[in-house]
Amino acid sequence: MKKCSKTAHHSLTELNITPLLDLAFVLLVIFIITTTPIVNDLNLDLPTASKHEKDPPRKANYVTVEASGTLWLNKKEIILQGLYENMIKLRTVDPDLSVIVRGDSKTKYQRIIDVLDVLQQANVTKVDFATDPVASGNQE
């Protein structure tokens, strides 16, 4: 009685390279498609288009809160109620109003919250905070 027939042993030693050829052809097709040559064989006088100037960036409005609690709007001293009224006026002129809040590091947190409340009541949605980048090695 034979444990392994000759035909069974012969089929185990053959390597099926059909999947490898399929993979090679697929990679070849992808390579051919992605590396199309630049066509410069014809001298054409291409038409020109007018150059569109970029819109100037929108002016950001700065609300500055000093350590003493004094408020400034664009370098003009203001009180909290006046800030609300000015934000309403600025927002009616520019519905996409952008405000940057600058606070001294020693400012009481409640004063910053008061400013944020006023901006929210005036429906100002684009609010950012100004910070100074920390130099390497100076992190606390």
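Preceding block: the structure.
What comes next concerns the included structure. Predicted model, so just to flag it, every value in this text is computed and none were measured.

## As for the side chain of threonine 64
Right, on to step 1. As for its position among the elements, threonine 64 is in strand S1 (residues 61–65).
Right, on to step 2. The contact partners of threonine 64, leaving out residues within four places of it in the chain, are Thr70, Leu71, Trp72 and Arg102.

## Structural notes on the pattern of salt bridges
Right, on to step 1. The tally for this structure, following the rule as stated, stands at one salt bridge.
Right, on to step 2. In this structure, aspartate 96 engages lysine 126 in a salt bridge whose closest nitrogen and oxygen atoms are separated by 2.9 Å. In this pair, aspartate 96 is assigned in the loop between helix H3 (80–93) and strand S4 (98–103) and lysine 126 in strand S5 (residues 126–129), connecting sequence segments 30 residues apart.

## Describing a nonpolar patch on the surface
Right, on to step 1. Among the surface-exposed residues, Leu15, Ile17, Leu20, Leu21, Phe25, Leu28, Phe31 and Ile32 lie close enough to one another that they form a single nonpolar patch of about 860 Å² accessible area.
Right, on to step 2. Residue position: isoleucine 32 is located in helix H2 (residues 18–34).

## Digging into the packing of H3 against helix H4 (residues 109–121)
Right, on to step 1. Two elements in contact, H3 and H4, have axes whose closest approach is 9 Å; the angle formed by their N-to-C orientations is 30°. Our classification of the angle between H3 and H4 gives roughly parallel. When you trace H3 past H4, the crossing you get is right-handed. In contact with Leu80, Leu83, Tyr84 and Met87 of H3, H4 contributes Arg111, Asp114, Val115, Val118, Leu119 and Gln121.
Right, on to step 2. Tallied by class, residues from the contact of H3 with H4 come to seven nonpolar, one polar and two charged.

The rules we used
Residues numbered from 1 in each chain as written. Predicted model: local features only at pLDDT ≥ 70, side-chain atom pairs only at ≥ 80, totals over all residues. Heavy atoms only, no water. Helix = DSSP H or I, 4+ residues; strand = E, 2+ residues; numbered from the N terminus. Contact = heavy atoms within 4.5 Å. Salt bridge = Lys/Arg side-chain N within 4 Å of Asp/Glu carboxyl O. Patch = residues over 30% accessible without salt bridge, like charges linked within 9 Å, V, L, I, M, F, W, Y side chains within 5 Å. Areas by Shrake-Rupley, 256 points an atom, 1.4 Å probe, with all protein chains shown as cover. Axes fitted to C-alpha atoms, helices over the stretch in contact; angles between N-to-C directions. Parallel < 35°, antiparallel > 145°, perpendicular 65-115°, else oblique. Left-handed = near helix turned anticlockwise from the far one by under 90°. Nonpolar A, V, L, I, M, F, W, Y, C, P; charged D, E, K, R; others polar.

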